[in-house]
Amino acid sequence: MKILSVNAGSSSLKFQMYEMPEEKVLISGTFERIGIGGGMYTIKINGEKIKKEQELADHSVAVKILIDELFANNVIESLDEIKGVGHRIVHGGEKYAKSVVIDDDVIKTVTELSDLAPLHNPANLIGVKTFMESIPNAIQVGCFDTAFHQTMEKCEFLYPVPYEWYTEYGVRKYGFHGMSHNYIAKRAGEILGNPNAKIISCHIGNGGSLCAIADGKSIDTSMGFTPNAGLMMGSRSGDIDSTLIPFIMNKTGKSLDEVINDLNKKSGYLGVSGISSDSRDIEDAAAEGNERAILAQNMYYEKIVNYIAEYYLELGGADAIVFTAGVGENSKLTRKAICDKLAPLGVKLDEEANNVRGEEKLISAPDSTVKVYVIPTDEEVMIARDTYSFI
Ligand code: ADP
């Protein structure tokens, strides 16, 4: 049975098609610059990558090309072979603790939740509506980035602000990267042979969040009301003193939107180093002795270590620490710096094993008190699994 896993942004659309339940990827691709001119798309099939330049006036044009490519590459002979389309939706608020089959009610609720994710939910919904029209016989499933974290307790998810902010306006920690942390929870549980294991999942990419997991459930996570909370990231500040915002507005004459934009797009690695949001550039500059790059690295590591230590206590110990996403899967330097700082907890890295990229591997020494793994994340397969489960 064929299932499509879709991630629609305001000007992009990523997809993977799976044969289920085997979880075999048949074809995948990305459409970029939809509706803004200079459109292009790439398709990956049988280890081959095809790139084409093509104006993409809107999402429906991209989906039409996607379907044409499925036929042209002999992935399908009839649209009816596609039984389900799973959509990544960023915000499910408190309404969705699990993936759901999308109907008019769900569309209405996700639209209302756009208040909480104005950049993402409307774009995700465009994807949903386009696929509903293009592949009407497939069930459409919504998979929420926030859903996995709905198991957090009030003590963890509330902010110490007037309680009415929560009851009246939904101000609370929601957490994100849920599909990824859920994948890590399941995979690490399998590797450890213990679905009840205590796991600290470190999803560190361009965006980044940590998650404390016990019994396969999210106990706490570092992102908050929005994804600009918690860790220092590629270009996001993570947690700051909120009073910085009016102070900088007064000093610079910038508008609220401009300051928020600075905190999302000009902070983190980029802001501190003045060089780049990409950890590869920071690593290169630091190796050449650039002081601000070294400072940015140290700040980045420290925030992650602080959260690991916090979650270690919150969980009452940990069976495994897992590194995943772009930086976590690829940067041995970052993993080593973090594990070295965790020595007081008895964490010990196997430096030879740590010499790994994008591959599932145990990287801690045999006498480490906590096992440390690299596990490449797979949000797309989680979407495909959830979608399949409804058929
Ligand atoms: P996103 O949050 O956009 O999904 P990813 O998880 O794909 O991001 O992570 C992208 C980031 O991963 C890059 O910006 C870069 O900082 C980091 N990265 C990728 N490869 C390497 C590498 N070999 N060494 C260090 N960092 C890397």
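A. Broad picture of the overall build of the protein. What the protein contains, in helices and strands, is 14 helices and 14 strands. By the compact-globule yardstick of 21 Å for 391 residues, the protein fits well, its C-alpha radius of gyration being 21 Å. Dimensions of the protein, computed from C-alpha atoms along their principal axes, come out at roughly 60 × 55 × 45 Å. Among the 391 residues that make up the protein, the fraction classed as buried is 50%. Nonlocal contacts in the protein, meaning residues at least 24 apart in sequence, comprise 61% of its contacts between residues at least 6 apart. As displayed, the protein offers around 18300 Å² of accessible surface, 50% of which is attributable to carbon and sulfur atoms.

B. How the structure looks around the environment of Gly86. Mapped onto the elements, Gly86 comes out in strand 6 (residues 82-89). Sequence separation of Gly86 and Ile50 is 36 residues, and the distance between their C-alpha atoms is 24 Å.

C. Up close: the site of the ligand. Lining the immediate surroundings of the ligand are 13 residues, of which Asn206, Gly207, Asp278, Ser279 and Gly326 lie closest. The side chain of Ser279 places a nitrogen or oxygen atom 2.6 Å from a nitrogen atom of the ligand. At 2.9 Å, a backbone N or O of Gly326 approaches an oxygen atom of the ligand. Protein chains bury 69% of the 590 Å² of accessible surface belonging to the ligand in isolation. Of all the secondary structure elements, the ones that give two or more residues to the shell around the ligand are helix 10 (279-287) and helix 12 (325-330). The element best represented in the shell around the ligand is helix 12, accounting for 4 residues. Of the residues belonging to the shell around the ligand, the class tally is 2 nonpolar, 7 polar and 4 charged.

D. Focus on the sheet that holds strand 7 (residues 100-101). Spatially, the 8 strands line up as an open sheet ordered 5-4-3-2-1-6-8-7, and their pairing is mixed. In this open sheet, the two edge strands, each paired with only one partner strand, are strand 5 (48-53) and strand 7. Bridging between strand 1 (residues 2-8) and strand 6 involves 5 bridges; their strand directions are parallel. The partner of Ser5 across the bridge, within strand 6, is Gly86.

E. Spotlight on unusual backbone geometry. Cis geometry marks the peptide bond from Met20 to Pro21, where omega comes out at 5°. The topology assignment puts Pro21 in the loop between strand 2 (13-19) and strand 3 (24-32). A positive phi angle is found at Glu23, which is not glycine, with a value near 65°. Non-glycine residue Arg33 carries a positive phi angle of around 60°.

F. Up close: the side chain of Thr377. With respect to the helices and strands, Thr377 occurs in the loop between strand 14 (371-374) and helix 14 (379-389). In terms of polar contacts, Thr377 uses its side chain to reach the side chain of Ser180, at 2.7 Å. Among all residues touching Thr377, those that are not within four sequence positions of it are Ser180, Tyr183, Ile184, His203, Thr324, Ala325 and Glu329.

G. Main features of the nonpolar core. Core analysis: the largest hydrophobic core is formed by 39 residues, its most contacted members being Ile200, Leu210, Ile308, Ile321, Phe323 and Ile338. For this core, the secondary structure elements donating two or more residues are strand 9 (198-204), strand 10 (208-214), helix 10, helix 11 (291-315), strand 12 (320-324), helix 13 (332-341) and strand 14. Sorting elements by how many residues they give to this core places helix 11 first, with 11 residues. Once residues within four sequence positions are removed from consideration, Phe323 is found in contact with Cys202, Ile204, Gly328, Arg335, Ile338, Cys339, Ile363, Val372, Tyr373, Val374 and Ile375. Counting 27 residues, the second largest nonpolar core, distinct from the first, contains Ala8, Met17, Phe31 and Ile82.

H. Molecular detail of the packing of helix 10 against helix 11. Two elements in contact, helix 10 and helix 11, have axes whose closest approach is 7 Å; the angle formed by their N-to-C orientations is 125°. With respect to helix 11, the axis of helix 10 lies oblique. Here the hand of the crossing between helix 10 and helix 11 comes out left-handed. Along the contact surface, helix 10 presents Ile282, Glu283, Ala285 and Ala286, while helix 11 presents Ala293, Ile294 and Gln297.

I. Geometry of the state of the cysteines. A full pass over the atoms with the stated rule returns 0 disulfides. There is no disulfide at Cys155, and the cysteine sulfur nearest it, in Cys211, is 16 Å away.

J. Seen up close, the packing of helix 2 (residues 104-112) against helix 3 (residues 121-134). Put simply, helix 2 and helix 3 touch, their axes get as near as 9 Å, and they point 160° apart. Comparing their axes, helix 3 and helix 2 come out roughly antiparallel. The handedness of the crossing between helix 2 and helix 3 is left-handed. Only Asn121, Leu125, Val128, Lys129 and Met132 of helix 3 make contact with helix 2, whose side of the interface consists of Ile107, Val110 and Thr111.

K. Representation of helix 6 (residues 178-192) in the model. In this model helix 6 runs 21 Å from its N-terminal to its C-terminal C-alpha over 15 residues, within 8% of the 21 Å that 1.5 Å per residue would give. Those residues of helix 6 that fall on the buried side of the exposure criterion are Gly178, Met179, Ser180, His181, Asn182, Tyr183, Ile184, Ala185, Ala188 and Gly189. In this structure, the buried residues of helix 6 make contact with strand 8 (139-144), strand 9, strand 10, strand 11 (217-221), strand 12 and helix 14. Backbone geometry just downstream of helix 6 places Gly193 in the positive-phi region, at approximately 65°.

L. The arrangement of the pattern of salt bridges in detail. For the structure shown, the criterion picks out 18 salt bridges. Notably, a salt bridge pairs Glu19 with Lys2, separated by 3.4 Å at the nearest N-O pair. Remark: Lys2 occurs in strand 1 and Glu19 occurs in strand 2; sequence separation between them is 17 residues. Lys2 shares its class with Glu19; the two are buried.

Basis of the calculations
Residues numbered from 1 in each chain as written. Predicted model: local features only at pLDDT ≥ 70, side-chain atom pairs only at ≥ 80, totals over all residues. Heavy atoms only, no water. Helix = DSSP H or I, 4+ residues; strand = E, 2+ residues; numbered from the N terminus. Rg over C-alpha atoms; globule rule 2.2 N^0.38 Å. Buried < 20%, exposed > 50% of the residue type's maximum accessible area, 1.4 Å probe, protein only. Contact = heavy atoms within 4.5 Å. Areas by Shrake-Rupley, 256 points an atom, 1.4 Å probe, with all protein chains shown as cover. Near = heavy atom within 4 Å. Polar contact = N/O pair within 3.5 Å; in protein donor to acceptor, adjacent residues only side chain to side chain. Nonpolar A, V, L, I, M, F, W, Y, C, P; charged D, E, K, R; others polar. Pairing = 2+ DSSP bridges. Core = buried A, V, L, I, M, F, W, Y, C linked by side-chain atoms within 4.5 Å. Axes fitted to C-alpha atoms, helices over the stretch in contact; angles between N-to-C directions. Parallel < 35°, antiparallel > 145°, perpendicular 65-115°, else oblique. Left-handed = near helix turned anticlockwise from the far one by under 90°. Disulfide = S-S within 2.5 Å. Expected span 1.5 Å × (residues − 1). Salt bridge = Lys/Arg side-chain N within 4 Å of Asp/Glu carboxyl O.

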